[in-house]
Amino acid sequence: YLDDLPEDASKERQREHDEWKQLLQPFIQQSDTWLSAPWLVTEFYVYRKLMQALGYWTPGQPGYQYDPFAKQKKDGLLSSVTSAEAMLAKLPTLP
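Residues numbered from 1 in each chain as written. Predicted model: local features only at pLDDT ≥ 70, side-chain atom pairs only at ≥ 80, totals over all residues. Heavy atoms only, no water.

### A word on the overall build of the protein
Okay, so step 1: For the protein, the count of helices and strands is four helices and zero strands.
Okay, so step 2: Ordered by position in the sequence, the α and β elements of the protein form the string α-α-α-α.
Okay, so step 3: Computed over the C-alpha atoms, the radius of gyration of the protein is 18 Å, more than 25% above the 12 Å expected from 2.2 N^0.38 for a compact globule of 95 residues.
Okay, so step 4: A burial count over the protein gives 19% of its 95 residues as buried.
Okay, so step 5: Accessible area for the protein stands at about 7,800 Å²; split by element, carbon and sulfur atoms hold 61% of it.
Okay, so step 6: Side-chain charges of the protein comprise 10 positive and 13 negative groups, with the mean position of each set lying 5 Å from the other. (Helix = DSSP H or I, 4+ residues; strand = E, 2+ residues; numbered from the N terminus. Rg over C-alpha atoms; globule rule 2.2 N^0.38 Å. Buried < 20%, exposed > 50% of the residue type's maximum accessible area, 1.4 Å probe, protein only. Areas by Shrake-Rupley, 256 points an atom, 1.4 Å probe, with all protein chains shown as cover. Lys, Arg positive; Asp, Glu negative; His and termini not counted. Charge placed at Lys NZ, Arg CZ, Asp CG, Glu CD.)

Structure follows, in structure tokens:
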């Protein structure tokens, strides 16, 4: 479910890899699939696997540090500023 890390993986990558193993373990033990595991877990896992396939964490790979969804993320963030400001303005009036 997770590819092995290279021996020279950074401590940060090792920590991230260990955290994923710990997070996924209960679902693997229950033989969950992407249809039965919690949506957010499977969404993040598929995204992580895509980034891994692109070589996101591998210096020298064409996909190193490349996020194919960066434009959509930025557009979504920028388009939500107005609605977020409106909601934040209401906070002082909440009980």
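### A few points about the side chain of E16
Okay, so step 1: When you line up the elements, E16 lands in helix α1 (residues 11-29).
Okay, so step 2: Judged by its relative accessible area of 16%, E16 falls in the buried class.
Okay, so step 3: Residues within four places of E16 in sequence aside, it is in contact with R48 and W57. (Contact = heavy atoms within 4.5 Å.)

### Comments concerning the pattern of salt bridges
Okay, so step 1: Scanning the model with the defined rule gives six salt bridges in all.
Okay, so step 2: One salt bridge in this structure joins E19 and R15, with 3.1 Å as the shortest N-O distance. Of this pair, E19 and R15 are both found in helix α1, four residues apart, which corresponds to roughly one turn of the helix.
Okay, so step 3: Using a relative accessible area of 41% as the deciding quantity, one classes E19 as partly exposed.
Okay, so step 4: The shortest N-O distance in the salt bridge between D75 and K71 comes to 2.8 Å. Of the two residues, D75 and K71 both sit in helix α3 (residues 70-79), four residues apart, roughly one turn of that helix.
Okay, so step 5: Relative accessible area serves as the criterion here: at 37%, D75 is assigned to the partly exposed category.
Okay, so step 6: By sharing partners, the salt bridges in this structure join R13, E16 and R48 into a single network. (Salt bridge = Lys/Arg side-chain N within 4 Å of Asp/Glu carboxyl O.)

### Examining the packing of α1 against helix α2 (residues 39-54)
Okay, so step 1: Two numbers describe how α1 lies on α2: the axes approach to 12 Å, and their chain directions differ by 140°. One finds that α1 runs oblique with respect to α2. At the point where α1 passes α2, the crossing takes the left-handed sense. Residue-level contacts link R13, E16, H17, W20, L23, L24 and F27 of α1 to V41, F44, Y45 and R48 of α2.
Okay, so step 2: When the residues that make up the contact of α1 with α2 are grouped by side-chain class, the tally is seven nonpolar, one polar and three charged. (Axes fitted to C-alpha atoms, helices over the stretch in contact; angles between N-to-C directions. Parallel < 35°, antiparallel > 145°, perpendicular 65-115°, else oblique. Left-handed = near helix turned anticlockwise from the far one by under 90°. Nonpolar A, V, L, I, M, F, W, Y, C, P; charged D, E, K, R; others polar.)

### Some thoughts on unusual backbone geometry
Okay, so step 1: We note that S31 has phi near 60°; this positive angle belongs to a residue other than glycine.
Okay, so step 2: Mapped onto the fold, S31 is located in the loop between α1 and α2.
Okay, so step 3: For S31, a relative accessible area of 60% translates into the label exposed.
Okay, so step 4: In this model, Q65 sits at a positive phi of 60°, which is unusual for a non-glycine residue.
Okay, so step 5: Within the secondary structure, Q65 sits in the loop between α2 and α3.
Okay, so step 6: Look at Q65 and you get partly exposed, because its relative accessible area is 47%.

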